[in-house]
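Per-entry structural report
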Amino acid sequence: MLILFQSKSAAEVLMFAQHAKPILVAAGKRFDTADLPERGVITRAQMDAAIAGIESLVATDTSHNDNPGEHDDATEHPIAQHVGMRRRAWPLLAMLRLAREKGEDVTWEPAPIW
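Note that the structure is predicted; figures quoted are calculated from it, not measured. (Residues numbered from 1 in each chain as written. Predicted model: local features only at pLDDT ≥ 70, side-chain atom pairs only at ≥ 80, totals over all residues. Heavy atoms only, no water.)

In this section: the overall build of the protein. Looking only at helices and strands, the protein has three helices and four strands in total. Helices and strands in the protein line up, N terminus first, as β-β-α-β-α-α-β. The long-range fraction of contacts in the protein, counting pairs at least 24 apart against all pairs at least 6 apart in sequence, stands at 62%. About 6,900 Å² of surface is accessible on the protein, with carbon and sulfur atoms providing 54% of the total. (Helix = DSSP H or I, 4+ residues; strand = E, 2+ residues; numbered from the N terminus. Contact = heavy atoms within 4.5 Å. Areas by Shrake-Rupley, 256 points an atom, 1.4 Å probe, with all protein chains shown as cover.)

Take the packing of helix H1 (residues 17-26) against helix H3 (residues 85-102) next. Two numbers describe a pair of packed helices, the interaxial angle and the distance between the axes. H3 packs onto H1 with a crossing angle of 80 degrees between their chain directions and a minimal axis gap of 10 Å. With respect to their mutual orientation, H1 and H3 come out roughly perpendicular. Residues His19, Pro22 and Ile23 of H1 pack against Met85, Arg88, Ala89 and Leu92 of H3. Of the residues contributing to the contact of H1 with H3, the split by class is five nonpolar, one polar and one charged. (Axes fitted to C-alpha atoms, helices over the stretch in contact; angles between N-to-C directions. Parallel < 35°, antiparallel > 145°, perpendicular 65-115°, else oblique. Nonpolar A, V, L, I, M, F, W, Y, C, P; charged D, E, K, R; others polar.)

Attention now moves to the pairing of strand S4 (residues 106-110). As judged from the four bridges shared by strand S1 (residues 2-7) and S4, these two strands associate in the antiparallel manner. Across the sheet, phenylalanine 5 pairs through a bridge with tryptophan 108, a residue of S4. Summarising the sheet, strand S3 (residues 40-42) and S4 pair through three bridges and their orientation is antiparallel. Paired with isoleucine 42 across the bridge in S4 is valine 106. (Pairing = 2+ DSSP bridges.)

Take the nonpolar core next. With 26 residues, the main nonpolar core has Phe5, Leu36, Ile54, Leu92, Leu96, Val106 and Trp108 as its most contacted residues. Of all the elements in the fold, those that place two or more residues in this core are S1, strand S2 (10-16), H1, helix H2 (47-59), H3 and S4. It is H3 that provides the largest number of residues to this core, a total of seven residues. Not counting the four nearest positions on each side in its chain, leucine 96 is found in contact with Ile42, Met47, Ile51, Ile54 and Val106. (Core = buried A, V, L, I, M, F, W, Y, C linked by side-chain atoms within 4.5 Å. Buried < 20%, exposed > 50% of the residue type's maximum accessible area, 1.4 Å probe, protein only.)

This part is about the sheet that holds S1. Paired through backbone hydrogen bonds, the strands of a sheet run either parallel or antiparallel to each other. The antiparallel open sheet is built from four strands, whose spatial order is S2-S1-S4-S3. Only two strands of the sheet have a single partner each, and these edge strands are S2 and S3. Taken over all neighbouring pairs, the strand axes of this sheet differ in orientation by 25 degrees on average, direction set aside. Contacts from H3 reach S1, S2, S3 and S4 within the one sheet, and its direction differs from that of S2 by about 145 degrees.

Attention now moves to the pairing of S1. In terms of strand pairing, S1 meets S2 through five bridges, oriented antiparallel. Opposite isoleucine 3, over in S2, you have methionine 15 as the bridge partner.

The next thing to look at is H1. Buried residues of H1: Ala17, Ala20, Ile23 and Leu24, and no others. End-on view of H1: buried residues confined to an arc of 125 degrees, all on one side of the axis. Buried residues in H1 make contact with S1, S2, S3, H2, H3 and S4. Of the residues trailing H1, glycine 28 is marked for its positive phi of about 100 degrees. (Arc of directions from axis to C-beta.)

Structure, rendered in structure tokens:
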């Protein structure tokens, strides 16, 4: 399932649920089931802790060559390159930082099927 993250202060972020769940757990969200709830919110009050948790998760990622925007096309095609947690979390982390600056919440829900 695709998850759509939204905030008034940033562009939407799409992520597969299986990739979003560990990021949300690092952000302090707890779930009663193995599956990610379809809808949720990171409130303004939770923003600092969520950002700190995701930054901690990213800091422990030992993936090589995993800086957003940095590709080594000489060695392998970008589609074949490993996508580590740092690269996966970066768009959501940027959204959370912008939302914190503007004092807004970040929500998630299933992405619409077009």
